[in-house]
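# Observations on the three-dimensional arrangement
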Amino acid sequence: MGKQTRRDFLKVTAAIGGTAAGITALTPKQAKAASPEILSEDRMGVLVDTTVCIGCRRCEWMCKKVHGYDAGDIETYSNEEVFGRMRRPQNEGYTVLNRYDNTKNPITPYHVKVQCMHCDRPACVSACIVGAFTKTEKGAVIWDTDKCIGCRYCMVACPFQIPTFEYDKAIEPDIRKCDFCYERTAEGLLPGCVDICPVEALTYGKRRDLITIAEKRMKLYPDRYINRIFGHTEVGGTSWMYLAGKDFSELDFPKLSDAPAPGVSESIQHGIFAYFVPPLALYALLGGIMWVTKNKEKKSGEEE
Amino acid sequence: MEHNHKPIPVKHRYFTPGVIGIAIVAAFGMVFLLARFLFGLGAVTNLDNFYPWGIWIGLDVAAGVALAAGGFTTAALGHIWHRDKYEVLVRPALLTAMLGYTFVALSVVTDIGRWYSVWHPLIMWNGNSALFEVGICVMTYLTVLYIEFLPMVTERFMGRVNLPGFLKVFNKIVDKILHVLDRTLNKVMFVFIIAGVVLSCLHQSSIGTLMIIAGPKMHPLWQTPVLPLLFLLSAFAVGFPMVIMESLASSRSFGMKPEKDVLSSLARFVGPLLGIYLAFKIGDMFIRESFVYLAELNTASIMFTIEMVVGVIIPLRMFLSPAVRASSAGLFIASILVIFGVLLNRFNNFVIAYDPPYTDTSYFPSIGEIAVTLGFVALEILLFRAFVMIFPIISQPVKSTIQKAKYAIKGA
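Structural notes, computed from the coordinates.

Reading guide: rules and limits
Counting restarts for each chain, with residues numbered from 1 along the sequence as it is written. Chain A is the first chain written and ligand 1 is the first ligand written, with later ones labelled in order. A pLDDT threshold of at least 70 governs which residues receive local features in this predicted model, and a stricter bar of 80 or more applies before side-chain atom pairs are shown or counted, although totals over entire chains, interfaces and linings include all residues. Water and hydrogen atoms were dropped before computing side-chain values, which therefore reflect all heavy atoms in the structure. Centre distance within 6.5 Å is the pairing criterion for rings of Phe, Tyr and Trp, where only the six-membered ring of Trp is used; planes under 30 degrees apart are then read as stacked, over 60 as edge-to-face, and the remainder as tilted. Only when the NZ atom of a Lys or the CZ atom of an Arg is both within 6 Å of the ring centre and within 35 degrees of the ring normal do we say a charge sits over the ring. Contact criterion: two residues are considered in contact whenever any of their non-hydrogen atoms come within 4.5 Å of each other. Here, a salt bridge means any Lys or Arg side-chain nitrogen found within 4 Å of an Asp or Glu carboxyl oxygen. Secondary structure follows DSSP: runs of H or I at least 4 residues long count as helices, runs of E at least 2 residues long count as strands, and numbering of each begins at the N terminus. Any pair of cysteine sulfurs within 2.5 Å is marked as a disulfide. Categorising residues by exposure relies on relative accessible area from a 1.4 Å probe, with only protein chains included: less than 20% of the type maximum marks a residue as buried, more than 50% marks it as exposed, and the intermediate range marks it as partly exposed. The patches described consist of residues with a relative accessible area above 30% and no salt bridge, like charges being joined within 9 Å and nonpolar side chains (Val, Leu, Ile, Met, Phe, Trp, Tyr) within 5 Å. Using a 1.4 Å probe, accessible areas were evaluated by the Shrake-Rupley method; residue-level cover was limited to the displayed protein chains. Expected span of a helix: the number of residues minus one, times 1.5 Å.

### A few points about the packing of aromatic side chains
Any aromatic ring pair is given by two values, namely how distant the centres are and how the planes are angled relative to each other. This structure, assessed with the given rule, holds 31 aromatic pairs over all chains. With a centroid separation of 5.0 Å and an interplanar angle of 80°, the aromatic rings of Tyr-14 of chain B and Phe-15 of chain B are classed as edge-to-face. Among the aromatic side chains, those forming a connected cluster through ring pairs are Phe-160, Phe-230, Tyr-242, Phe-248 and Phe-253 of chain A. A cation over an aromatic ring shows up here: Arg-268 of chain B above the ring of Phe-269 of chain B, its NZ or CZ 5.9 Å from the ring centre. Directly above the ring of Tyr-14 of chain B sits Arg-385 of chain B, whose terminal nitrogen or CZ lies 5.7 Å from the centroid.

Here you go:
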């Protein structure tokens, strides 16, 4: 750095400052992408009544069918042996039913349908390195597979452990999860599982209406339901909500707070990068130290 | 003070029995690496839908970045604070950081499912994602490291360009390019030196932010909103021990006299840095009252205790002792303990602490995962050895007393 002058230093520093200011001007809007304001008041949801579901598993069959997987013969789905163990959504089949005992009335066990909850403040949308996930205005959380790099951070982030990954593929492995039948609902059709459910355990509608319906049911049948809608407030609210006859923790629902899942990490991220001020301040500070210590050295050199 | 010392390429036999052993480890790892790219992640790793991240992220990436911290901490000390005494350590530390980050990038490419899309974050932005921040910072810093390394390339080949065969015609032009490069770099290098330190501070902390979004899936002994700060402080603390360990190891391997007095005085910084880290770690534990989990006897509490006692408290005591700092063996052991502590901390944060719902099994790395991780470390050692034998990196005594490192960054 012998030949370097103070003017060089200022010139380059100014250039960096200018670039950074440019970046700053461009980014704030992007940073707000996951804020709840984009959600429509009329966004859709599904109310799952676990006390009504009879465990016919037609929703599982329909899910595979509408997503183009080999669903097999629908009659084989009446086989109840699968309830012997707890199952999770798979790469080819985004929803499963699990059975739980009903102590109040043992002949009608509870069935819990598992699929993506379509959070209002989704962790996957916040986490995704390339922003492949989107929370649509209408409620669905979908993803653009062409953007995906397969880092699996969405799987780490998801509080419900929903996304799955095609580990067995060397080329174009994909993230998979329930897409709320995004394409079907755009055409005015019901989501596959809701469409086929023979007992109306699943109710598709505007989320705010579903909350009213759920509250009414809990009020009318206080013996049938515990007084809680899972998904009403959990992790900031979800599009899919559940009614149950026994405590949700006994039905393997995770214990979650009402704070949105990405809240803490986003505030840290935006704190560190608040309009690029902290990094630039650090840069300036270090530049100052570098300059001062260098001059000190020069002075002591002259005195010798 | 080291006026008769000058960085020059090390003259030594490349292959020794030890080096051949390391080469075998590297080759073994590359076999599994090939299998991963041919048959997919599932064929080689024990990862599944419950455990999406394993040691390739926890060790190769997170610990790899932390252990490359020697590069920016030494650069800050030598070039920003202008402590000329440590000048001799800057080049080896820079080389370690450069190779370290190169292998971090390779590990990311290995771990992500669609490795050929690794460039996507450059144009597809998500400012909310901690991983995006880490990705962009690591890519930028890697570029900065390559630029910071360039002076060693120009110094080695300026006026000595001798391309083989018909390429000879380009000799003059390449030499010209090197000269221009050398002059330009000399003027602007300070920009990259400061940028390197800033970028390091940013992503060293953001790697800590990564697991925060996992929320209750992460064990409360490690899950805390101050994780980014803890990651940054531990990176500060592990930087100098890495430089000390490497300097001692390469001196021994090449049969040279270690820079004992420089290393001993560098070691004085480690105690306070470790102490600050320990204070924040304990403070956090008491504020969140997470120490109650230490009363349970399970994998998490045992791993946490080992991490803190063996990896932080014992080396802290050692580095505070002048007798330990004065002896090569003491310095070496204490440095290894700090490195082990940070390595274990990253492993604990990303692997041990992660406890997903809906599964009874736990993750243990497969032979393939371990082989690739060891293989990358072995390759890094082999490349480090090759680089110090080709480029002027390690300072050695030279006969002429007036010669000085011509292209050193500090004022002439």
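Once you've had a look at it, read on.
### Section: the interface of chain A and chain B
Contacts between chain A and chain B engage 71 residues on the former and 68 residues on the latter. Put simply, chain A and chain B have 2 salt bridges between them. Between Asp-111 of chain B and Arg-152 of chain A there is a salt bridge, with the nearest N and O atoms lying 2.9 Å from each other. Elements represented by at least two residues in the side of chain A that touches chain B include exactly α1 (6-26), α2 (28-31), α4 (123-127), α5 (153-157), β6 (164-165), α9 (263-272) and α10 (277-303) of chain A.

### Considering the state of the cysteines
Per the counting criterion, the structure on display carries 0 disulfides over all chains. Summary of cysteine pairing: Cys-148 of chain A is not part of a disulfide, and the nearest cysteine sulfur, belonging to Cys-128 of chain A, is at 6.7 Å. Among the residues examined, Cys-148 of chain A registers a relative accessible area of 9% and is labelled buried. With no disulfide of its own, Cys-201 of chain B lies closest to Cys-137 of chain B among cysteine sulfurs, the gap being 10 Å. The class of Cys-201 of chain B is buried, set by a relative accessible area of 11%.

### Topic: a nonpolar patch on the surface
A grouping of Phe-166, Leu-167, Val-169, Phe-170, Ile-173 and Ile-177 of chain B is seen on the molecular surface, where their side chains present a nonpolar patch of about 640 Å² in accessible area. For Phe-170 of chain B, the location among the structural elements is in the loop between α7 (130-157) and α8 (171-209).

### Section: helix α11 (residues 299-320) of chain B
Residues and elements named next belong to chain B. With 22 residues, α11 should cover 32 Å at 1.5 Å per step; its first-to-last C-alpha distance of 30 Å lies within 8% of that length. Buried residues of α11: Ala-300, Ser-301, Met-303, Phe-304, Glu-307, Met-308, Gly-311, Val-312, Pro-315, Leu-316, Met-318 and Phe-319, and no others. If you follow the buried residues of α11, they end up packed against α9 (227-254), α10 (260-287), α12 (322-326) and α13 (328-352).

### Examining the pattern of salt bridges
Inspection of the entire model under this criterion finds 20 salt bridges over all chains. Put simply, Asp-120 of chain A and Lys-135 of chain A hold a salt bridge, and the shortest N to O gap is 3.4 Å. Taken together, the residues Asp-120 of chain A in the loop between β3 (110-114) and α4 and Lys-135 of chain A in strand β4 (residues 133-135) connect sequence positions 15 residues apart. Of the two residues examined, Asp-120 of chain A and Lys-135 of chain A, each falls in the buried class. Residue Lys-246 of chain A is joined to Glu-250 of chain A by a salt bridge in which the shortest nitrogen-to-oxygen separation is 3.9 Å. When its relative accessible area of 15% is taken as the criterion, Lys-246 of chain A is described as buried. Classification of Glu-250 of chain A by relative accessible area gives partly exposed; the value is 46%. Where salt bridges share partners, they join Glu-166, Lys-169, Asp-174 and Arg-176 of chain A together with Arg-114 of chain B into one cluster.

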